[in-house]
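The residues making up each chain are set out below.
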Amino acid sequence: MKKVLVIHPEDSSTDMLQAVYFDKGYDVIRDPSISNEELVEQIRSHDKIIMLGHGTPDGLVAFDRKNDEIRYIINDSHADLLKTKETYSMWCNSDEFFECHGMKGFHSGMIISEEMEARMY
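The numbers attached to residues start from 1 for each chain and follow its sequence in the written order. A pLDDT threshold of at least 70 governs which residues receive local features in this predicted model, and a stricter bar of 80 or more applies before side-chain atom pairs are shown or counted, although totals over entire chains, interfaces and linings include all residues. Side-chain metrics rest on all non-hydrogen atoms present in the structure, leaving aside hydrogens and water.

S.K.: Looking at this model, I keep getting lost on the sheet that holds strand S4 (residues 55-56). Mind explaining?
M.R.: Backbone-to-backbone hydrogen bonds join strands into a sheet, with any given pair of strands oriented parallel or antiparallel. Only strands joined by at least two bridges in the DSSP assignment are considered to pair. Starting at the N terminus, helices and strands are each numbered in turn, a helix being any DSSP run of H or I of at least four residues and a strand any DSSP run of E of at least two. Reading across the sheet, the three strands line up as S4-S5-S6 and stay open at both edges, with antiparallel pairing between neighbours. Unpaired on one side and paired on the other, S4 and strand S6 (69-74) mark the two borders of the sheet. Note: strand S5 (residues 59-64) against S6, five bridges, orientation antiparallel. Bridge assignment links Ala 62 to a residue of S6, and that residue is Arg 71.

Quick look at the structure:
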């Protein structure tokens, strides 16, 4: 059986995405302040990686309120490792991130999750 990791940084505006993994027994990372070292170790130890939340073609964003910073929790530095995994992603323009790195999987384009985004588009 494949080990599944969900990376879904805590953000109330994307809580509806919890339906993707609720009650499925997957390992879940919600902590936006997780260290890159711990994140990489978790990715290494799983077969399938599901990534959800806000992002851009540059990666998946984490709003780390504890350290008062915004960072790409998934970024170019993770590409080679993610190439070895079965990947699924749902963040704005995640398809561009994965295409840029030549990765296969199921990845979303633009997704509107907030009223502000709907007004912009």
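S.K.: Looking at this structure, how should I read the packing of aromatic side chains?
M.R.: Each pair of aromatic rings is reported with the distance of its centres and the angle of its planes. Each Phe, Tyr or Trp ring, with Trp reduced to its six-membered ring, pairs with another whose centre is within 6.5 Å; inter-plane angles below 30 degrees give stacked pairs, above 60 give edge-to-face pairs, and intermediate values give tilted ones. What the rule picks out here adds up to three aromatic pairs. With a centroid separation of 5.8 Å and an interplanar angle of 45°, the aromatic rings of Trp 91 and Phe 98 are classed as tilted. With respect to class, Trp 91 is no different from Phe 98; both count as buried. Among the aromatic residues, those joined into a ring-pair cluster are Trp 91, Phe 97 and Phe 98. Residue exposure (1.4 Å probe, protein chains only): buried if accessible area is under 20% of the type maximum, exposed if over 50%, otherwise partly exposed.

S.K.: It is not clear to me how the pattern of salt bridges should be interpreted in this structure. Could you clarify?
M.R.: Between side chains of opposite charge, a pair can form when the charged atoms approach closely. One side-chain nitrogen of Lys or Arg within 4 Å of one carboxyl oxygen of Asp or Glu is enough to make a salt bridge. Tallying each qualifying case throughout the model produces five salt bridges. A salt bridge links Glu 10 to Arg 30, with the shortest nitrogen-to-oxygen separation between them at 3.6 Å. With Glu 10 in the loop between strand S1 (4-7) and strand S2 (27-29) and Arg 30 in the loop between S2 and helix H1 (36-44), this residue pair connects regions lying 20 residues apart in the sequence. Residue Arg 30 is classed as buried on the basis of its relative accessible area, which comes to 16%. A salt bridge links Asp 80 to Lys 83, with the nearest nitrogen and oxygen atoms 3.9 Å apart. Residue Asp 80 is classed as exposed on the basis of its relative accessible area, which comes to 59%. Relative accessible area serves as the criterion here: at 46%, Lys 83 is assigned to the partly exposed category. The network of salt bridges with common partners includes Lys 2, Lys 48 and Glu 86.

S.K.: Please clarify how unusual backbone geometry should be interpreted in this entry.
M.R.: Most of the time, phi is negative for any residue but glycine, and the peptide bond is trans. Located in the positive-phi region is Asp 23, a residue other than glycine, with phi close to 60°. Within the secondary structure layout, Asp 23 lies in the loop between S1 and S2. Classification of Asp 23 by relative accessible area gives exposed; the value is 71%. Residues other than glycine seldom take positive phi values, yet Asp 68 does so here, at roughly 50°. Mapping Asp 68 onto the fold places it in the loop between S5 and S6.

Function cannot be read off these values alone, since they describe shape.
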